[in-house]
Amino acid sequence: MVQVETFAQFGVVFLLFALGLEFSLPKLRVVGPVAVLGGVLQIALFMFLCGLTAALCGAKLSEGVFVGTFLSMSSTAVVSKFLVEKGSTNALHGQVTIGTLILQDCAVGLLFALIPVLGGSSGIFGGMMSMGRLLLVLSIFITVAYMMTWSFIPRFLKLMIQLSSQTNELYQLAAVAFCLLLAWCSDYLGLSLELGSFLAGVMISTTDFAHHTLEQVEAIRNLFAALFLASIGMLIHFKFLWNHVDILLAAVILVIIVKSIVITAVIKSFGYSIRTAFIVGLSLAQIGEFAFVLLSRASHHHLIGVNYSHPI
């Protein structure tokens with residue numbers, strides 16, 4: 001299980017790194033308001049709707065709010081791979097989708113800080129302090145990355161090009177090492193591997209070496225992306241699926257419909273066309289891999305019972 005998850009993590013890291021290389025920073029600034037404000041509004045709406053549903057059904061309000069947090073998460077890796085294969089990363093709906101996904105990745109650390117508060121193992125003040133600390137760390141991390149983008153990165157890549165004039169192995173190694181270094185730093189600071197690897201790609205995308213770097217890491221990305229998709233199949237329990245196929249199908253259909261409607265409404269409220277809003281809504285109408293991590297953390301803090309998280 002650990003080996004399978006490790007392969008999956010490498011696949012996600014290189015997928016997001018390549019996506020960052022193909023990403024347009026000026027276009028990211030354009031969709032910034034809908035990605036940040038719309039992403040936060042989407043998470044808040046799901047927390048409110050699920051909390052309200054839990055209260056009406058006689059369940060704990062804290063459990064309902066938590067269910068809303070992990071239902072609001074979408075799969076960055078799967079959606080990114082789909083957008084890359086369709087060549088839609090620079091389309092308007094692709095930019096909005098990717099911006100929202102990156103916002104969700106940034107919000108995971110804040111949701112981790114919220115779980116002890118919902119579980120009753122930490123006070124509201126302690127939770128607010130944890131969130132404030134994570135926001136400060138995120139701001140410093142992005143600021144340092146931005147400064148390195150215009151000072152260190154172009155010189156470093158130019159040096160690697162000069163040293164690997166005869167063969168590209170050294171440049172490949174340097175690009176992969178840079179991606180893994182930023183992913184590790186991001187994870188170490190309590191953020192996410194996805195955020196660090198995507199940021200590494202965006203940093204290189206602003207230089208003249210973006211296309212060359214993408215050519216060098218494309219084969220590595222494809223290999224680990226295939227392993228990532230294979231790992232999903234390896235983690236499926238067919239007996240469990242067969243025994244609960246009715247409730248699983250109903251839950252999947254309900255999640256897709258509700259998420260599509262909510263996200264479409266949020267994107268449309270920012271002035272985008274109904275077509276763009278609907279495509280973004282469908283693209284994000286699934287539950288991401290971070291839901292498993294949130295469920296595990298919630299079970300540890302006794303926010304939900306083990307029986308809820310174990311079969312999932």
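Predicted, not measured: the structure shown is a model, and the values here were computed from it.

Brief notes about the side chain of serine 74
- Inspection of the secondary structure assignment puts serine 74 in the loop between helix 4 (61-71) and helix 5 (76-86).
- Relative accessible area serves as the criterion here: at 2%, serine 74 is assigned to the buried category.
- Only 3.2 Å separates the side chain of serine 74 from the side chain of lysine 259, close enough to count as a polar contact.
- A distance of 2.8 Å separates the side chain of serine 74 from the backbone oxygen of leucine 284, its partner in a polar contact.

Description of helix 8 (residues 169-188)
- Taking 1.5 Å of rise per residue, the 20 residues of helix 8 would be expected to cover 28 Å, and the 28 Å separating its terminal C-alpha atoms lies within 8% of that figure.
- Residues of helix 8 that are buried: Tyr171, Ala174, Ala175, Val176, Phe178, Cys179, Leu182, Ala183 and Ser186.
- Within two residues after helix 8, glycine 190 carries a phi angle of roughly 90°, on the positive side.

Details of the packing of aromatic side chains
- One pass over the full model with this rule turns up four aromatic pairs.
- Ring plane angle 75° and centroid distance 6.2 Å describe the contact between tyrosine 146 and tryptophan 150, whose orientation is recorded as edge-to-face. Separated by four residues within a single helix, tyrosine 146 and tryptophan 150 lie in helix 7 (residues 124-163), roughly one turn from each other.
- Here the aromatic rings of tryptophan 184 and tyrosine 188 are separated by 5.2 Å at their centres, their planes lie at 20°, and the arrangement is stacked. Taken together, the positions of tryptophan 184 and tyrosine 188, both in helix 8 and four residues apart, correspond to about one turn of that helix.
- Look at tyrosine 188 and you get exposed, because its relative accessible area is 63%.
- Sitting over the ring of phenylalanine 46, lysine 259 keeps its end group 6.0 Å from the ring centre.

Thresholds applied
- Residues numbered from 1 in each chain as written.
- Predicted model: local features only at pLDDT ≥ 70, side-chain atom pairs only at ≥ 80, totals over all residues.
- Heavy atoms only, no water.
- Helix = DSSP H or I, 4+ residues; strand = E, 2+ residues; numbered from the N terminus.
- Buried < 20%, exposed > 50% of the residue type's maximum accessible area, 1.4 Å probe, protein only.
- Polar contact = N/O pair within 3.5 Å; in protein donor to acceptor, adjacent residues only side chain to side chain.
- Expected span 1.5 Å × (residues − 1).
- Phe/Tyr/Trp six-rings, centres within 6.5 Å; stacked < 30°, edge-to-face > 60°.
- Lys NZ or Arg CZ within 6 Å of the ring centre and 35° of its normal.

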